[in-house]
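Fold and contact review
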Amino acid sequence: MRFAGNSLVGDVLLERTQGLEQEQQALLEGAPLEQTYQEALALYAQAKHAQVEQIEDRIENLIDRQQARLQHTQANTPGLLSMPSAKRAWQARQTQQQARLRNLHNRLETVREIKEGMGIHAPKIEELATRKMRAENPELASDWDAMREAARRHQALMRKQERERKQTHEQRQGRSQSLGLSKPL
């Protein structure tokens, strides 16, 4: 009976060890996958940064032009002797140009928020790059997710085995101490 229990424990440990070896091998083989994934993500992040910079510059130029138009409109106010319809048209143009300027400032603020803001796990721009890269490379993303899941399982298994080792060690120490106490002097 005693040997059968030890054999079962040995079989379980052997299976765990083989499973760990397979996971470690997958992790080692996954190193190029990790490098590929990180390089692709870096390229997408760089492209997003360039895109945000370009949009920001374009909006700033539009703001400058709109401010010039608004100043030109303000400089050409209708005179005292102008028709009421000309004054209303001038006021409507000025209101429209001010609204356009506010709209451009709001857009610029949104772009800067994306550029400098933080998302849940990373800067917003990196989250956008990740989302785009994953959408355009679903196989790479799937392989990356599988590799990360295997790594998490491996870490969980290692922690579990460590806890079991500690628990077994504590039980052995407890037994040896109880045996030591029960010995007659």
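The paragraphs below set out a description of the structure included in this document. Since the structure is predicted, the reported quantities are computational estimates derived from the model, not experimental observations. (Residues numbered from 1 in each chain as written. Predicted model: local features only at pLDDT ≥ 70, side-chain atom pairs only at ≥ 80, totals over all residues. Heavy atoms only, no water.)

1. Some words on the overall build of the protein chain
To keep things clear, this is the line we draw: Strands here mean DSSP runs of E at least two residues long; helices mean DSSP runs of H or I at least four residues long; both are numbered from the N terminus. Here's how the labels work: a residue is buried when its accessible area is under 20% of the maximum for its type, exposed when over 50%, partly exposed in between, all with a 1.4 Å probe on protein chains only. Method for areas: the Shrake-Rupley scheme with a 1.4 Å probe, in which residue coverage is limited to the protein chains shown.
Scanning the protein chain from terminus to terminus reveals 4 helices and 0 strands. Shown N-terminal to C-terminal, the secondary structure of the protein chain runs as helices and strands in the order α-α-α-α. Considering the protein chain as a whole, with its 185 residues, one finds that 19% of them fall into the buried category. Looking at the protein chain as shown, the accessible area adds up to about 14200 Å², and 54% of this sits on carbon and sulfur atoms.

2. Regarding the environment of Arg 131
Relative to the helices and strands, Arg 131 is located in helix α3 (residues 124-136). We classify Arg 131 as exposed; its relative accessible area is 57%. Each C-alpha atom, one on Arg 131 and one on Tyr 44, is 9.5 Å from the other, the two residues being 87 residues apart in sequence.

3. Points about helix α2 (residues 84-116)
To keep it simple, the criterion reads: For a helix, the expected span equals 1.5 Å multiplied by the number of residues minus one.
With 33 residues, α2 should cover 48 Å at 1.5 Å per step; its first-to-last C-alpha distance of 48 Å lies within 8% of that length. Residues Trp 90, Gln 94, Gln 97, Leu 101, Leu 104, Leu 108 and Val 111 constitute the buried set of α2.

4. Regarding the pattern of salt bridges
Applicable threshold: For this document, the term salt bridge refers to a Lys or Arg side-chain nitrogen within 4 Å of an Asp or Glu carboxyl oxygen.
Tallying each qualifying case throughout the model produces 9 salt bridges. The closest approach of N and O atoms between Glu 149 and Arg 153, which form a salt bridge, is 3.3 Å. Of this pair, Glu 149 and Arg 153 both sit in helix α4 (residues 138-182), 4 residues apart, which is roughly one turn of that helix. The exposure class of Glu 149 is partly exposed, given its relative accessible area of 31%. You can call Arg 153 exposed: its relative accessible area is 52%. Several salt bridges share partner residues, and in doing so they unite Glu 53, Glu 56, Glu 60, Arg 112 and Lys 115 into one network.

5. Quick look at the packing of aromatic side chains
Applied cut-off: Two aromatic rings from Phe, Tyr or Trp, using only the six-membered ring of Trp, form a pair when their centres are within 6.5 Å; if the ring planes differ by under 30 degrees the pair is stacked, by over 60 it is edge-to-face, and anything between is tilted.
For the structure shown, the criterion picks out 1 aromatic pair. For the pair Tyr 37 and Trp 144, a centre-to-centre distance of 4.1 Å together with 0° between the ring planes defines the contact as stacked. Remark: Trp 144 occurs in helix α4 and Tyr 37 occurs in helix α1 (residues 2-75); sequence separation between them is 107 residues. Since its relative accessible area comes to 4%, Tyr 37 is described here as buried. Exposure remark for Trp 144: the relative accessible area of 10% places this residue in the buried category.

6. Brief notes about a positive patch on the surface
The criterion, for reference: Like charges within 9 Å and nonpolar side chains (Val, Leu, Ile, Met, Phe, Trp, Tyr) within 5 Å are joined into patches, using only residues over 30% in relative accessible area that form no salt bridge. Charge assignment in this entry is limited to Lys and Arg as positive and Asp and Glu as negative, and neither His nor the chain termini are counted. Every charge is mapped to an atom, namely NZ of Lys, CZ of Arg, CG of Asp or CD of Glu.
On the surface, Arg 65, Arg 69, Arg 100 and Arg 107 cluster together into a patch of positive charge. When residues of the positive patch are traced back to their parent elements, those giving at least two are α1 and α2. Mapped onto the elements of the fold, Arg 107 is located in helix α2.

7. Description of the nonpolar core
In plain terms, the rule: As used in this record, nonpolar core signifies buried Ala, Val, Leu, Ile, Met, Phe, Trp, Tyr and Cys residues forming a set joined through side-chain atoms within 4.5 Å. Any two residues whose heavy atoms approach within 4.5 Å are treated as being in contact.
Counting residues in each nonpolar core, the largest one holds 11 residues, listed as Leu 33, Tyr 37, Ala 40, Leu 41, Tyr 44, Ala 45, Ala 129, Met 133, Leu 140, Trp 144 and Met 147. When contributions to this core are tallied by element, the ones reaching two or more residues are α1, α3 and α4. Sort the elements by how many residues they give to this core and α1 lands first, with 6 residues. Once you skip the residues sitting within four places of it in the chain, Met 133 turns out to touch Tyr 37, Ala 40, Leu 41, Tyr 44 and Leu 140. Within the second largest apolar cluster, 9 residues are counted, among which are Val 52, Ile 59, Leu 70 and Val 111.

8. Some remarks on the side chain of Gln 94
Tracing the backbone shows Gln 94 in helix α2. Gln 94 sits in the buried class, given a relative accessible area of 9%. Not counting the four nearest positions on each side in its chain, Gln 94 is found in contact with Leu 70, Thr 73 and Gln 74.

9. Here we look at the environment of Gln 38
Following the sequence through the fold, Gln 38 ends up in helix α1. Distance in space between the C-alpha atoms of Gln 38 and Trp 144 is 9.9 Å, their sequence separation being 106 residues.

Coordinates in, geometry out; function isn't part of it.
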